[in-house]
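Geometric and topological summary
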Amino acid sequence: MSTPALEVKNLTVGYGDTAVLRGLDLTVGTGELVALIGSNGAGKTTLLRTISGLLKPKDGSILVDGKPVHGLRPDEVVVAGFVQSPEGKQLFGSMSILENLLVGAHIPRARAVREQTLKEVFELFPILEERQKLPASTLSGGQQQMVAVGRALMAKPKVLALDEPSLGLAPIMVDRVFESIKRIRDRGTTVLVIEQNVFKVLQMADHGYVLENGRISLKGSGAELLANEHLRTTYLGM
């Protein structure tokens, strides 16, 4: 059996005396697209912040490609291979699209192949190549999301984490972003997606987890979760 790209074991995280995540287990296989679903306040972003090294767990372990990363600094977690495209894009608006993308290739592993990776990002998002010299602030919300995802890809992640990639986008851009995520997975990148659009993300996910009150309440293939009565009632309004 191959080593999972990401493995979270018995993870407990809190703020002060308040536990947000309680004994959480989650596995993302190499080359998989895994969806993490949950309502606001369920702990999804806390999980990403903990894996990224921004929060320290009270208990449990986090392994990227079989190597422990819990306790590492955020920059060390990126070097280990876990790279996050955060909610809200967080671009440098006055810098050009190209400059924003190149910021992602600062670690040695990524810097050594950045021209090839940049070519791959432009193949994925042709509009960014056309407008690469323009300030990022001139782009639409959907195009800015492409820059945020492209910047994360420039770091050559072993696991690419996307936090609410479709949030606030027009419907046509939502479809384009999801198609891009599927293509990223099909090219061999392991992807973990936190997403409010439950139906769309589970349609393409290899596996999914439902996070409720700091614990995993459901897990299964995308198709299995879409057929689950609790999920359909709670998250799809069906």
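Residues numbered from 1 in each chain as written. Predicted model: local features only at pLDDT ≥ 70, side-chain atom pairs only at ≥ 80, totals over all residues. Heavy atoms only, no water.

**Some thoughts on the overall build of the protein**
To keep it simple, the criterion reads: Numbering goes from the N terminus for both helices and strands, where a helix is a DSSP run of H or I of at least four residues and a strand is a run of E of at least two. With C-alpha atoms as the basis for the radius of gyration, the globule rule is written as 2.2 Å multiplied by the number of residues raised to the power 0.38. To sort residues, take the accessible area from a 1.4 Å probe on protein chains only and compare it with the maximum for the residue type: under 20% means buried, over 50% means exposed, and anything in between is partly exposed. The criterion used for residue contact is that any of the two residues' heavy atoms lie within 4.5 Å. Surface exposure here means Shrake-Rupley accessible area, sampled with a 1.4 Å probe, where a residue is shielded only by the protein chains that are shown. By the counting rule applied here, Lys and Arg register as positive and Asp and Glu as negative, while His and the ends of each chain are not counted. Throughout, a charge is located at the NZ atom of Lys, the CZ atom of Arg, the CG atom of Asp or the CD atom of Glu.
Along its length, the protein carries 11 helices and 10 strands. Taken over C-alpha atoms, the radius of gyration comes to 17 Å for the protein, in line with the 18 Å a tight globule of 238 residues would show. Once the C-alpha set of the protein is aligned to its principal axes, its extents read approximately 45 × 40 × 40 Å. Counting across all 238 residues of the protein, residues that qualify as buried make up 50%. In the protein, 67% of the contacts between residues at least 6 apart in sequence involve partners at least 24 apart. Accessible area of the protein: about 11000 Å², with a carbon and sulfur share of 51%. Once the 27 positive and 25 negative side-chain charges of the protein are each reduced to a mean point, those two points are 3 Å apart.

**A closer look at the pattern of salt bridges**
For clarity, the cut-off: Between Lys or Arg on one side and Asp or Glu on the other, a salt bridge is scored when a side-chain nitrogen of the former is within 4 Å of a carboxyl oxygen of the latter.
All told, the structure shown has 9 salt bridges when counted by the stated rule. Here Asp75 ties to Arg73 by a salt bridge, and the two come within 3.0 Å at their closest N and O atoms. Overall, the relative accessible area of 46% leaves Arg73 in the partly exposed class. In this structure, a network of salt bridges that share partners links the residues Lys182, Arg185, Asp186 and Asp206.

**Observations regarding the sheet that holds strand β1 (residues 6-15)**
Hydrogen bonds between backbone groups are what pair the strands of a sheet, and the pairing can be parallel or antiparallel. What counts, and what does not: Pairing between strands is defined by DSSP: at least two bridges between the two strands are required. Between N-to-C directions, angles cover 0 to 180 degrees, with each direction set by a line fitted to C-alpha atoms, over the stretch in contact for helices.
The 4 strands are arranged β2-β1-β4-β5 in an open sheet whose pairing can be described as antiparallel. In this open sheet, the two edge strands, each paired with only one partner strand, are β2 (18-28) and β5 (67-68). Against the sheet, helix α1 (residues 44-51) makes contact with β1, β2 and β4 (59-64), and its axis sits at roughly 110 degrees relative to β1, the strand it touches most.

**Observations regarding the sheet that holds strand β3 (residues 33-37)**
Spatially, the 6 strands line up as an open sheet ordered β6-β7-β8-β3-β9-β10, and their pairing is mixed. Edge strands, defined here as strands with exactly one partner in the open sheet, are β6 (82-85) and β10 (215-221). Strand-to-strand twist across the sheet, computed as the mean angle between neighbouring axes with direction ignored, equals 20 degrees. In terms of strand pairing, β6 meets strand β7 (residues 159-163) through 4 bridges, oriented parallel. If you follow Val83 over to β7, its bridge partner there is Leu160. Contacts from α1 reach β3, β6, β7, β8 (190-194) and β9 (207-212) within the one sheet, and its direction differs from that of β8 by about 140 degrees. Across the sheet, helix α7 (residues 141-153) touches β6 and β7, and the angle it forms with β6 is around 170 degrees.

**What about α1?**
Where burial is concerned, most of α1 is hidden: 6 out of the 8 residues are buried. Considered for burial, the residues of α1 that qualify are Lys44, Thr46, Leu47, Leu48, Thr50 and Ile51. Among the residues trailing α1, Gly53 stands out with phi positive, at a value near 90 degrees.

**Side note on the nonpolar core**
Soluble globular proteins tend to pack their nonpolar side chains together in the buried interior. As a reminder, the rule being used: Residues enter a nonpolar core if they are buried and are Ala, Val, Leu, Ile, Met, Phe, Trp, Tyr or Cys, with the set joined through side-chain atoms within 4.5 Å.
In this structure, Leu101, Leu128, Ile181, Leu202 and Leu231 are the most contacted members of the largest nonpolar core, which totals 49 residues. When residues no more than four places from it in sequence are discounted, the contact partners of Ile181 are Leu33, Leu162, Pro165, Val191, Val193 and Met204. Ranked by size, the runner-up nonpolar core spans 27 residues in total, among them Leu6, Leu26, Leu47 and Ile62.

**Re the pairing of β8**
Here is the rule: Looking down the strands as they point away from you, a crossover is right-handed if its path from the first strand over the helix to the second goes clockwise.
Counting buried positions along β8 gives 5 out of 5 residues, so the element sits mostly inside the fold. Residues Thr190, Leu192 and Ile194 line one face of β8 and the alternating positions Val191 and Val193 line the opposite face, and both faces are buried. Relative to β8, β3 is paired through 4 bridges, and the arrangement is parallel. From the neighbouring strand, Val34 faces β8, where its bridge partner is Leu192. Relative to β8, β7 is paired through 5 bridges, and the arrangement is parallel. Bridge assignment links Ala161 to a residue of β8, and that residue is Leu192. Viewed along the sheet, the connection from β7 through helix α8 (residues 171-186) into β8 turns out right-handed.

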